[in-house]
Amino acid sequence: MSTWLVTGGAGFIGCNFVRAALDSTPHRVVVVDKLTYAGRTENLEAVASHPRYAFIRADIADRAAVAAVFDAEQPSAVVNFAAESHVDRSIDGPAAFVQTNIVGAFELLEASRELLARSGGERARRDFRFVQISSDEVYGSLGATGAFDEASPLRPSSVYSASKAAAEHLVRAYCATFGVPGIVTNGSNNFGPHQLPEKLIPLTILNAIEGKPLPIYGDGGNVRDWLYVADQCDAILRILEHGRPGEKYNVGAGNERTNLEVVDAICDELERALPAARNAALGHAGVTRYAELKQFVIDRPGHDRRYAVDATKIRRELGWRPKLGFEARLRETIRWYLDNPRWCASVESDGSQRVRRGSPAA
Ligand code: NAD
């Protein structure tokens, strides 16, 4: 039985991936997570007693801690989800992004290089994978048409995306220079269960349910290519098992929506799932429909206008495709937040989640 190290496995995408990996592969899954504000042990409750699961609390930028994990676990794969992931936070405090997203990736690559050097054979190298979970944001902003493919230049606009781009370059360099079999995956905006309400979709759902304003940055016209988290995890599993080292794979479902369209779709769906007329919180807020809660707010500095990825390569090479459309997945996501008030209360217990960050007025 081989061991996969899943860094950042207590976060949003990581915890969905851990469950998918335990369900659909025979491997041991060892989560390595610092448990920052974004890392939640609640996210891993469902797998806590699984016989092939283990958890190690460690900082990926701590060389000694990473070396100890590699010595103990002798992994056959590293899937690096661990990151500071919120663009707004990278405006208020860029240092943590450089430390975790760049230095952390570097330390994991160094430990991988040493592990392969010690195990010394072609076989170990052939069987080992380092999968870096990158983002479509590294490509920068698009105009009204077109989509990024894997050959598009990296032109990051935020400290978050710059740090993710730097990590991507390191993975590529360790592959070319030291033969560490690295693969990069550039996923578009994820949504689904376990996402913290500092991000657009859960923030909108929870504020709407509670009759609070639904903030929309700028004119609401920024476009993102929405990807359901289970589809992202399926793509990563395929990349781990069948992707080609040295390559990168874009992952996107072709669900381009403006932020305003996303907020409107959530309001429409909530009118069906929890009609405003029957939600006392809206009565207290003095509104009769969720859409009346929309509120345009000052834009994010450096806010990329549009992202879209061309996912032809992963579709063609690895047979990946999203299983359901955006509206069906949004419905499932809203249902998950309605059905999991205990999780919502727990991750919001310090009151810091739905605070506006990165605002020029802040
Ligand atoms: P998240 O913020 O929900 O989770 C990040 C996890 O990393 C948390 O568990 C946190 O505790 C952990 N972590 C942070 N710093 C660490 C450190 N120094 N050492 C160990 N663990 C640390 O993030 P997410 O939304 O699940 O994103 C996961 C990965 O996917 C990130 O690398 C992100 O850049 C990438 N990504 C995210 C999206 C998206 O839409 N969310 C899209 C594309 C790519």
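That block above? That's the structure.
Here the structure is a predicted model, which means the values were calculated and not measured. (Residues numbered from 1 in each chain as written. Predicted model: local features only at pLDDT ≥ 70, side-chain atom pairs only at ≥ 80, totals over all residues. Heavy atoms only, no water.)

Trainee: Could you clarify how one ought to interpret the pattern of salt bridges in this entry?
Mentor: For side chains bearing opposite charge, pairing can occur when the charged atoms are close. Summed over the entire model, instances satisfying the criterion amount to 27 salt bridges. The salt bridge involving Arg40 is made with Glu42; its shortest N-O contact spans 3.3 Å. Looking at Glu42, the relative accessible area reads 16%, which means it is buried. Salt-bridge contacts for Lys323 lead to Asp234; the nearest nitrogen and oxygen are separated by 3.3 Å. Here Lys323 is found in the loop between helix 11 (312-318) and helix 12 (326-339), whereas its partner Asp234 is found in helix 8 (residues 229-242), with 89 residues between them in sequence. By relative accessible area, Lys323 is classed as exposed at 57%. With relative accessibility at 15%, the residue Asp234 sits in the buried group. Connected via shared salt-bridge partners are Glu210, Lys212, Glu348 and Arg354. (Salt bridge = Lys/Arg side-chain N within 4 Å of Asp/Glu carboxyl O. Buried < 20%, exposed > 50% of the residue type's maximum accessible area, 1.4 Å probe, protein only. Helix = DSSP H or I, 4+ residues; strand = E, 2+ residues; numbered from the N terminus.)

Trainee: Just to check I follow, could you spell out helix 7 (residues 200-209) for this structure?
Mentor: Side chains of residues three or four places apart in an α-helix project in the same direction, reflecting 3.6 residues per turn. Extensive coverage of helix 7 is indicated by the burial of 9 of its 10 residues. By the burial criterion, the buried members of helix 7 are Ile201, Pro202, Leu203, Thr204, Ile205, Leu206, Asn207, Ala208 and Ile209. Next to the buried residues of helix 7 lie strand 7 (190-191), strand 8 (214-217), helix 9 (259-273), helix 10 (280-285), helix 12 and helix 13 (341-347). Directly after helix 7, the chain includes Gly211, whose backbone phi takes a positive value near 70 degrees. (Contact = heavy atoms within 4.5 Å.)

Taken by themselves, the reported measurements are silent on function.
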